[in-house]
Amino acid sequence: MNWDILLKYINKETSPAEDQAINDWLNEQAENKYLLDYLRRRGDEAKNALPTREVQIEWDSLLNRILDAEPLTNVKPIRSNKYRYMAIAASLLLVSAFGLLYLKSNKQTAKQQQFTVKTPVNLRGKATLPDGTLVYMAPNSTIKYDNSYGVNKRTVQLSGEAFFDVKHLTKKPFIIHAQNGVDLTVLGTSFNFYSRKNEIAEIKVANGLVGITADKHTHFLKAGEQLNYQVSNHHVDMQKVEQPDATSLQNETLYFKNNTAEEIAIKLQRWYNIKVETLPSAKQHPRFSGEMKDTGLDNLLKGLSYATGIKYRYQDFQTILLF
């Protein structure tokens, strides 16, 4: 959605064509209507036109309240740990062909129990969380949550990289606490989140709206946008992202757009969790754009070599040289 059009719609300044664009956007998912209704009520309360800055302030405020939400009242008691563990374990979808995950229960207290979903060092995996949220995980990635998940919030911890297709639940925000002090909040949307210790955090939004909080400031992203956060200097960079790039893990397809040999190497490193080095001769090859379905590392390297002219060889079991 073009936010200028949304602002005009809130201020009742849109044309019929823009009204139709808003209606199409509202029909995409319930979260869009939720945000629009909230901003429209805020504009009515102010009895003035809502400026762009007000839209951002109110969105920030909404997300902050979600992050600090009070527990809901009249919540039914959680079932005993034994039966809750069985229910959560049964709700996880483990796909061996896609990458084997394991679920581990860490007993902490009689009332709290933590669950860990982890992919092996060289395989991706797919899991279904207790609320129906789908998670497509990169190699060597970990998600943790406890048995309060879904009571009044859906909170997980992420280390690594995963694509989340979040089940929409208006009254139960989905919150990710990631490496490097980055928090992400949504109600129901889909996005890719890369977050490893001491590395740049990267969020790519495929659908809906995402709020990212870092250094006590919240940034919001819509579909087709990407945010990079550098923890060492607290620098935030926002840019456009293509849909196939954002959904790469979900679709098991590597996406390249005008990439150099060095950029191709980085993508391969993240995708397969291996070391990929580029020799000087690799840099002489032209940039490459295209999509390649992952049918195995050897097949993908052969396809890349055919498409780009870049040659490769294994230096050892975990290192590939491009030249």
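As the structure is a prediction and not an experimental result, all values here were calculated from the model.

(A) Looking closely at the environment of R124. With respect to the helices and strands, R124 occurs in the loop between β2 (113–118) and β3 (125–128). The exposure class assigned to R124 is buried, which follows from its relative accessible area of 8%. In the structure, R124 is positioned 15 residues away from P139 in sequence and 4.7 Å away in space, judged by C-alpha atoms. In terms of polar contacts, R124 uses its side chain to reach the side chain of D294, at 2.7 Å.

(B) Representation of the environment of L6. Within the secondary structure layout, L6 lies in helix α1 (residues 3–10). Between the C-alpha atom of L6 and that of D19, which follows or precedes it by 13 residues, the distance is 9.2 Å.

(C) Expanded view of the packing of aromatic side chains. Counted by the stated rule, this structure contains 6 aromatic pairs. Measuring from centroid to centroid gives 5.4 Å for F164 and F191, while their planes differ by 20 degrees, and the two rings are stacked. Within this pair, whereas F164 is found in strand β6 (residues 154–165), its partner F191 is found in strand β9 (residues 190–195), the two being separated by 27 residues in sequence. The buried category is assigned to F164, whose relative accessible area is 0%. By relative accessible area, F191 is classed as buried at 0%. One aromatic cluster in this structure is built from F115, Y145 and Y149. The ring of Y194 has R270 lying over it, and the distance from NZ or CZ to the ring centre is 3.8 Å.

(D) Just the confidence of the model for the protein chain, in detail. In the predicted model, the protein chain carries a mean pLDDT of 79, and 74% of its residues have values of at least 70. Across residues 66–100, confidence stays below pLDDT 50; counting only partners more than four residues off in sequence or on other chains, it has 68 contacts.

(E) Molecular detail of the packing of helix α8 (residues 261–272) against helix α9 (residues 297–308). In the contact formed by α8 and α9, the axes pass within 13 Å of each other and the chain directions differ by 170 degrees. For the element pair α8 / α9, the angle class is roughly antiparallel. Every residue of α9 that contacts α8 at I264, L268 and Y272 is listed here: L297, L300, L301 and L304.

Thresholds applied
- Residues numbered from 1 in each chain as written.
- Predicted model: local features only at pLDDT ≥ 70, side-chain atom pairs only at ≥ 80, totals over all residues.
- Heavy atoms only, no water.
- Helix = DSSP H or I, 4+ residues; strand = E, 2+ residues; numbered from the N terminus.
- Buried < 20%, exposed > 50% of the residue type's maximum accessible area, 1.4 Å probe, protein only.
- Polar contact = N/O pair within 3.5 Å; in protein donor to acceptor, adjacent residues only side chain to side chain.
- Phe/Tyr/Trp six-rings, centres within 6.5 Å; stacked < 30°, edge-to-face > 60°.
- Lys NZ or Arg CZ within 6 Å of the ring centre and 35° of its normal.
- pLDDT = per-residue confidence, 0-100.
- Contact = heavy atoms within 4.5 Å.
- Axes fitted to C-alpha atoms, helices over the stretch in contact; angles between N-to-C directions.
- Parallel < 35°, antiparallel > 145°, perpendicular 65-115°, else oblique.

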